[in-house]
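Single-letter residue listing:
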Amino acid sequence: MKIYQSYQDFSDIPEPTVVTIGTFDGVHIGHQEIIKQLSNNTPNDESESVILTFFPHPRIVLQKETKVQLLNTIDEKISLLEKAGLDHLIIQPFTKEFSRLTALDFARDILAEHIKTKKLIIGYDHRFGRNREGSFEQLKEYGKIYDFDVEEIPAQNIQDITVSSTKIRRALEEGAIEKANSYLGYSYMLSGQVVAGNALGRQYNYPTININIEETYKLIPKPGVYVVESYIENHHFFGIMNIGKRPTLNGKKKTIEVHLLDFNKDLYGENIQVHLLTRLRDEQKFASMEHLYAQIKKDEIKARTLIKSGKISFQTYR
């Protein structure tokens with residue numbers, strides 16, 4: 001997959017292009033259906049698939065007074081889209097100036113002139129252009145003028161619930177990790193750098209790695225204890241992770257700490273990605289460190305039991 005940092009960089013593509021547009025936050029199963037249709041419309045190298053996405057997320061630019069939380073960092077999104085087998089990914093910088101493009105400007109100057117779109121595939125109820133003025137019907141009219149076809153994918157549903165990034169965010173905020181994963185089609189991930197902690201866990205035979213996530217817009221699920229899995233040095237390792245402020249230590253800052261089962265190597269400074277499988281319990285304040293680590297031992301036993309039973313498993317994006 002070739003990556004371009006703006007639509008202006010996309011040029012000299014000899015084959016006609018089949019294009020879809022969107023923020024694709026989460027690259028969830030609804031998005032995956034659109035991507036599948038994109039691939040189905042580019043058979044035998046007769047045309048090339050293109051996703052046009054935006055960064056920063058439009059809501060971050062246009063709703064600065066609101067704290068916007070997203071399901072993917074830009075690097076996570078790129079990684080997920082690479083696995084989809086696409087030909088081209090355009091990451092268009094989203095600015096207030098760009099947001100003022102009219103629907104006509106967008107269709108004519110970007111889709112037709114720069115990307116050379118021959119077919120546009122969009123999701124249900126897609127809107128585009130200044131103030132989201134452009135509709136599916138307008139796109140079809142512009143397609144007739146500028147010689148591209150338009151196909152709309154209907155809403156995707158699981159058990160009669162429309163899948164959306166908003167519903168996934170809500171599930172994560174509620175700690176409903178299995179529900180979120182079912183909507184995503186893969187296990188929710190947290191990616192960051194391993195940083196130094198206070199090393200208290202080592203005193204109790206529970207060393208932890210502390211993960212720092214630089215992207216402040218990344219959604220961190222509800223505080224609590226989770227079973228996770230990580231891929232390190234070509235091997236999968238399960239672990240138990242705590243998200244929270246460590247009330248037993250009177251902590252003030254939210255941290256992400258992971259104890260990897262059957263793993264005891266120094267990862268300081270390394271980048272790591274953990275995938276959340278299930279939530280065990282809320283974060284609690286204990287009377288002493290001994291009480292805390294007695295509970296962690298119970299968490300480990302429960303996690304190992306769930307892992308052995310096969311009731312939880314890592315889901316990868318396909």
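What counts and how
Residues numbered from 1 in each chain as written. Predicted model: local features only at pLDDT ≥ 70, side-chain atom pairs only at ≥ 80, totals over all residues. Heavy atoms only, no water. Helix = DSSP H or I, 4+ residues; strand = E, 2+ residues; numbered from the N terminus. Buried < 20%, exposed > 50% of the residue type's maximum accessible area, 1.4 Å probe, protein only. Contact = heavy atoms within 4.5 Å. Core = buried A, V, L, I, M, F, W, Y, C linked by side-chain atoms within 4.5 Å. Pairing = 2+ DSSP bridges. Axes fitted to C-alpha atoms, helices over the stretch in contact; angles between N-to-C directions. pLDDT = per-residue confidence, 0-100. Polar contact = N/O pair within 3.5 Å; in protein donor to acceptor, adjacent residues only side chain to side chain. Phe/Tyr/Trp six-rings, centres within 6.5 Å; stacked < 30°, edge-to-face > 60°.

Asks: Can you break down unusual backbone geometry residue by residue, with the values?
Replies: A cis amide bond links Phe55 with the next residue in sequence, Pro56, at an omega value of 0°. Of note, the phi angle at Phe24 is positive, near 55°, even though the residue is not glycine. Inspection of the secondary structure puts Phe24 in the loop between strand E2 (17-21) and helix H1 (29-40). In this model, Asn234 sits at a positive phi of 70°, which is unusual for a non-glycine residue. Within the fold, Asn234 resides in the loop between strand E11 (224-232) and strand E12 (235-244).

Asks: Help me get a handle on the environment of Met189, residues and values and all.
Replies: As for its position among the elements, Met189 is in strand E9 (residues 189-195). The buried category is assigned to Met189, whose relative accessible area is 5%. The contacts of Met189, once residues within four sequence positions are left out, are Glu76, Leu80, Lys218, Gln273, Val274 and His275.

Asks: Kindly report on the nonpolar core, identifying the contributing residues and their values.
Replies: By size, the foremost hydrophobic cluster in this structure holds 51 residues, and its most contacted members are Leu190 and Met241. Membership of the second largest hydrophobic core comes to 26 residues, among which are Tyr7, Phe54, Ile90 and Ala107.

Asks: Tell me about the sheet that holds strand E3 (residues 48-55), and name the residues and values.
Replies: The 6 strands are arranged E1-E4-E3-E2-E5-E6 in an open sheet whose pairing can be described as parallel. Edge strands, defined here as strands with exactly one partner in the open sheet, are strand E1 (2-4) and strand E6 (149-152). Mean inter-strand twist for the sheet, computed between neighbouring axes without regard to direction, equals 20°. Taken together, the 5 bridges between E2 and E3 define a ladder with parallel strand orientation. In the strand pairing of E3, Ile21 is matched with Leu52. Lying on the sheet, helix H6 (residues 136-146) is in contact with strand E5 (117-122) and E6; it crosses E6 at an angle near 160°.

Asks: Go over the confidence of the model for the chain with me, naming the residues and quoting the values.
Replies: The predicted model of the chain averages 89 in pLDDT, with 93% of residues at 70 or higher. Within the chain, the element-level pLDDT minimum falls on strand E7 (residues 157-158), averaging 58, and the maximum on strand E14 (residues 271-281), averaging 97.

Asks: Break down the sheet that holds strand E10 (residues 209-212) for me, citing the residues and quoting the values.
Replies: Working definition: the strands of a sheet are paired by backbone hydrogen bonds and lie parallel or antiparallel to each other. Taken together, 6 strands build a closed barrel; the order of strands is E9-E10-E13-E12-E11-E14 and the barrel is antiparallel. Each neighbouring strand pair of the sheet contributes to a mean axis angle of 45°, computed without reference to strand direction. Across 5 bridges, E9 lies against E14 in antiparallel orientation. From the neighbouring strand, Gln193 faces E14, where its bridge partner is Asn271. Docked against the sheet, helix H8 (residues 177-184) engages E11 and E14, running at close to 125° with respect to E14.

Asks: Help me get a handle on the side chain of Ser6, residues and values and all.
Replies: When you line up the elements, Ser6 lands in the loop between E1 and E2. Polar contacts involving the side chain of Ser6 include one to the side chain of Gln8, which spans 3.1 Å.

Asks: Give a detailed account of the packing of aromatic side chains, specifying residues and quantitative values.
Replies: Scanning the model with the defined rule gives 8 aromatic pairs in all. The interplanar angle of 70° and the centroid separation of 5.7 Å between the aromatic rings of Phe94 and Phe98 together place this pair among those described as edge-to-face. For Phe98, a relative accessible area of 11% corresponds to the buried category. Measuring from ring centre to ring centre gives 6.5 Å for Phe98 and Phe106, while their planes differ by 75°; the resulting arrangement is edge-to-face. Note on Phe106: relative accessible area 5%, which makes it buried. An aromatic cluster of at least three residues, connected via ring pairs, comprises Phe54, Phe94, Phe98 and Phe106.

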